[in-house]
Amino acid sequence: MTHVTDVHYRRHVLPYYRAFESRFGYAALLGRTRHFGWYEPGQSPWGFAAAMRRMELVVARNLALPPASSVLDAGCGVGDTARTVARASGVRVTGIDGIEPDVAIARQRSARAGEPGRRTRFLLANYHALPFADASFEGVYTMESFVHSPDPRQGLAEFFRVLRPGGRLVMFEYSSTPQAHLLPRARSALLRVCELSGMPGMLTMTHGHLERLLQQAGFVVESAYDATERVLPMLRCFSVLGRLPYALARGVGRGDSLVNAMSGVEMYRHQETWRYNICTATRP
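Residues numbered from 1 in each chain as written. Predicted model: local features only at pLDDT ≥ 70, side-chain atom pairs only at ≥ 80, totals over all residues. Heavy atoms only, no water.

In total, this model carries twelve salt bridges according to the counting rule given. With a closest N to O distance of 2.9 Å, Arg 230 and Glu 40 form a salt bridge. Residue Arg 230 is found in helix α10 (residues 228-251), and its partner Glu 40 is found in the loop between α2 (20-30) and α3 (48-63); the two are separated by 190 residues along the sequence. According to the relative accessible area criterion, Arg 230 is partly exposed, its value standing at 21%. For Asp 80, the salt bridge identified is with Arg 83, shortest N-O distance 2.6 Å. Of this pair, Asp 80 and Arg 83 both sit in helix α4 (residues 80-89), three residues apart, roughly one helical turn. According to the relative accessible area criterion, Arg 83 is buried, its value standing at 4%. (Salt bridge = Lys/Arg side-chain N within 4 Å of Asp/Glu carboxyl O. Helix = DSSP H or I, 4+ residues; strand = E, 2+ residues; numbered from the N terminus. Buried < 20%, exposed > 50% of the residue type's maximum accessible area, 1.4 Å probe, protein only.)

Structure follows, in structure tokens:
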């Protein structure tokens with residue numbers, strides 16, 4: 001890791017994921033997977049696992065790569081997205097993450113699922129300084145991991161470097177409304193969520209900014225889709241589940257100690273502060 005990203009990761013990202021509320025909440029509700037689900041009209045908002053698998057299939061469809069292609073999952077967590085993408089497309093996925101226990105779980109789950117070693121592999125690494133040669137992959141994707149980046153330009157430069165010409169980059173990421181356009185309560189909620197969750201990239205990437213950064217990095221942006229409506233049913237469930245514990249914590253002056261409950265309630269209440277985007281780009 002570079003010095004800046006290493007310090008940020010140790011001080012802000014790891015404490016968030018190591019906190020009891022994060023570990024318990026992600027395990028109890030999402031099986032340790034850490035991304036939103038995809039919902040079509042009429043689908044049950046409480047079917048979290050099915051919704052997350054649908055979202056992972058959207059990754060595979062947007063990559064649109066032939067079987068046996070080499071793909072990088074930049075911020076793989078426990079590897080659920082990597083396994084779904086590999087099975088759906090027949091590609092070979094290398095997942096990297098900075099949380100060592102998650103990398104171990106990803107390896108264990110793939111082994112238990114009988115995944116051939118050539119289909120998924122998982123490494124401890126940082127996407128700002130990737131341990132791969134130039135032009136190593138036909139595809140790269142992120143699943144809600146780039147918001148943790150303190151240096152998006154460096155991250156995109158690394159994605160460009162390891163992609164082969166013609167390779168595809170797909171990013172499932174949040175963007176934020178410029179703070180000057182928000183009322184004080186909404187602005188305060190956004191700042192608290194990003195600070196306590198270690199997400200400086202979300203503040204950096206105001207609406208449309210990721211697309212501009214991609215172009216500056218040398219990518220050709222193919223599409224930028226606002227998928228906010230597809231994830232709102234899950235966020236509404238999170239706001240319902242978090243409302244009481246967040247209210248109780250606020251009552252004793254500890255509202256920020258329940259980061260995920262706070263995030264669910266405040267981000268559903270202040271939907272004007274954010275969007276959920278799917279950006280697809282290619283390396284010329």
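What follows covers the nonpolar core. Counting 83 residues, the largest nonpolar core has Phe 159 and Tyr 276 as the members making the most contacts within it. Looking at which element gives the most residues to this core, the answer is α3, with eight residues. Setting aside chain neighbours within four positions, we find Tyr 276 in contact with Phe 36, Met 55, Met 143, Glu 144, Phe 172, Glu 173, Tyr 174, Tyr 225, Asp 226, Ala 227, Thr 228 and Val 231. (Core = buried A, V, L, I, M, F, W, Y, C linked by side-chain atoms within 4.5 Å. Contact = heavy atoms within 4.5 Å.)

A word on the packing of aromatic side chains. What characterises a pair of aromatic rings is the spacing of the ring centres plus the angle enclosed by the ring planes. One pass over the full model with this rule turns up 15 aromatic pairs. Measuring from centroid to centroid gives 6.0 Å for Trp 46 and Phe 48, while their planes differ by 40 degrees, and the two rings are tilted. Three or more aromatic residues joined by ring pairs form one cluster here, namely Phe 36, Trp 46, Phe 48, Tyr 174, Phe 238 and Tyr 276. Over the aromatic face of Tyr 26 sits the side chain of Arg 34, whose NZ or CZ is 5.5 Å from the ring centroid. Geometry around Tyr 39 places Arg 54 over its ring, the cationic atom sitting 5.5 Å from the centre. (Phe/Tyr/Trp six-rings, centres within 6.5 Å; stacked < 30°, edge-to-face > 60°. Lys NZ or Arg CZ within 6 Å of the ring centre and 35° of its normal.)

Here the focus is the pairing of strand β2 (residues 92-97). Consecutive side chains along a regular strand alternate between the two faces of the sheet. Within β2, five of the six residues are buried, which leaves it mostly tucked inside the rest of the structure. With five bridges connecting them, strand β1 (residues 70-74) and β2 associate as parallel partners. Counterpart to Ala 74 in the pairing with β2 is Ile 96. Handedness of the β1-α4-β2 crossover: right-handed. (Pairing = 2+ DSSP bridges. Right-handed = clockwise from strand over helix to strand, strands pointing away.)

This part is about unusual backbone geometry. Not every positive phi belongs to a glycine, and Ala 135 is a case in point at roughly 55 degrees. Within the secondary structure, Ala 135 sits in the loop between β3 (120-124) and β4 (137-143). Its relative accessible area of 30% is what places Ala 135 among the partly exposed residues. Its identity is not glycine, yet Glu 144 carries a phi of approximately 60 degrees, on the positive side. In this structure, Glu 144 sits in the loop between β4 and α6 (152-162).

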